[in-house]
Amino acid sequence: MEDLKSPEISTKPLIRPAEPGDVDVLHRFVVELAEVEEFPGEVTARPQDLAEALFGPRPVAEAVVAMVEGEPAGFALFYPTYSTIVGRPGIHLDDLYVRPEHRGGGLGRALLGHLARLAAERGCGRLEWWVLRTNDPALRFYRRLRARALDEIEVMRLDGEVLHDLAAATRPH
């Protein structure tokens, strides 16, 4: 995530939908993001996993790439959600990343603004994302955009052996 210092971008970026030829760059950005955030755990996703998720027969996510002077400078990866409370679809932002040399010039804001426009155009009631509590620059950036933290929920997860154990325990006989 970036710590936005100025709302101005020196060269107007092009934000475009990701294409199959972007998969290796997107994977590199995912790895860089995990390193920057000191993400607890290793990236096990492979480029072919991203290709399947974004461009396979049943895509489950979308991505946009921010181009500055013809070079990839950042990306956002997101997927649809639905809220029974508001009765409308939403967008969950999974990753937002701007390369270090492009931070502080408004590119992160431009990417998030792009997603906000997509959400509005698609009739979504929400644009949501998770942020590591240790990612202070990202938290400051999002607060400046007036995003609000949700104190009323906890993120829960079943994975690995526990996920498989529950699945096996509830399998019909």
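Described below are features of the structure shown in this document. Model, not experiment: these values are computed from the prediction. (Residues numbered from 1 in each chain as written. Predicted model: local features only at pLDDT ≥ 70, side-chain atom pairs only at ≥ 80, totals over all residues. Heavy atoms only, no water.)

## Structural notes on the nonpolar core
Then step 1. Formed by 21 residues in total, the largest nonpolar core has its most connected members in Ala76, Leu96 and Leu111.
Then step 2. Secondary-structure elements contributing two or more residues to this core are strand E2 (62–68), strand E3 (71–83), strand E4 (88–98), helix H3 (107–121) and helix H4 (136–144).
Then step 3. Examining the composition of this core, we find that six residues originate from one element, H3, more than from any other.
Then step 4. For Leu111, the contacting residues outside a window of four places in its chain are Ile15, Val64, Ala66, Gly74, Phe75, Ala76, Leu96, Tyr97 and Val98.
Then step 5. Core analysis: the next-biggest nonpolar cluster, separate from the first, contains 16 residues, Phe29, Val30, Leu54 and Val65 among them. (Core = buried A, V, L, I, M, F, W, Y, C linked by side-chain atoms within 4.5 Å. Buried < 20%, exposed > 50% of the residue type's maximum accessible area, 1.4 Å probe, protein only. Helix = DSSP H or I, 4+ residues; strand = E, 2+ residues; numbered from the N terminus. Contact = heavy atoms within 4.5 Å.)

## Quick word on the sheet that holds E3
Then step 1. Sheet architecture is open: five strands sit in the order E1-E2-E3-E4-E5, paired in mixed fashion. A single partner strand is all that each edge strand has here, and the edge strands are strand E1 (14–17) and strand E5 (126–129). Here the strands of the sheet are splayed against their neighbours by 30 degrees on average, with no regard to which way each runs.
Then step 2. Note: E4 against E5, four bridges, orientation parallel. Its bridge partner being in E5, Ile91 is matched across the sheet by Leu127.
Then step 3. Along the sheet, H3 makes contact with E1, E2, E3, E4 and E5, crossing E4 at roughly 165 degrees. (Pairing = 2+ DSSP bridges. Axes fitted to C-alpha atoms, helices over the stretch in contact; angles between N-to-C directions.)

## Side note on a nonpolar patch on the surface
Then step 1. Taken together, the side chains of Leu158, Val162, Leu163 and Leu166 make up a nonpolar region of the molecular surface, amounting to roughly 340 Å² of accessible area.
Then step 2. Turning to its location among the elements, Leu163 is positioned in helix H5 (residues 160–169).
Then step 3. When its relative accessible area of 39% is taken as the criterion, Leu163 is described as partly exposed. (Patch = residues over 30% accessible without salt bridge, like charges linked within 9 Å, V, L, I, M, F, W, Y side chains within 5 Å. Areas by Shrake-Rupley, 256 points an atom, 1.4 Å probe, with all protein chains shown as cover. Salt bridge = Lys/Arg side-chain N within 4 Å of Asp/Glu carboxyl O.)

## Let's talk about the pairing of E3
For a regular strand, side-chain orientation follows a simple rule: the groups alternate between the two sheet faces.
Then step 1. Pairing of E2 with E3 involves seven bridges; the strand directions are antiparallel. When the bridges of E3 are listed, Ala63 appears paired with Leu77.
Then step 2. As consecutive antiparallel partners, E2 and E3 are separated by two residues, and within that stretch Glu69 has a phi angle of approximately 50 degrees, a positive value.
Then step 3. Pairing of E3 with E4, which is carried by 10 bridges, proceeds in the antiparallel orientation. Across the sheet, the residue bridging to Leu77 is Asp95, located in E4.

## Quick word on the packing of helix H1 (residues 23–36) against helix H2 (residues 47–55)
Then step 1. At a minimum axis distance of 9 Å, the contact between H1 and H2 shows a crossing angle of 115 degrees. Judged by the angle between their axes, H1 and H2 are roughly perpendicular. Note that H1 runs across H2; the crossing there is right-handed. In contact with Val23, Asp24, Leu26, His27 and Val30 of H1, H2 contributes Pro47, Leu50, Ala51, Leu54 and Phe55.
Then step 2. When grouped by side-chain class, the residues that make up the contact of H1 with H2 number eight nonpolar, one polar and one charged. (Parallel < 35°, antiparallel > 145°, perpendicular 65-115°, else oblique. Left-handed = near helix turned anticlockwise from the far one by under 90°. Nonpolar A, V, L, I, M, F, W, Y, C, P; charged D, E, K, R; others polar.)

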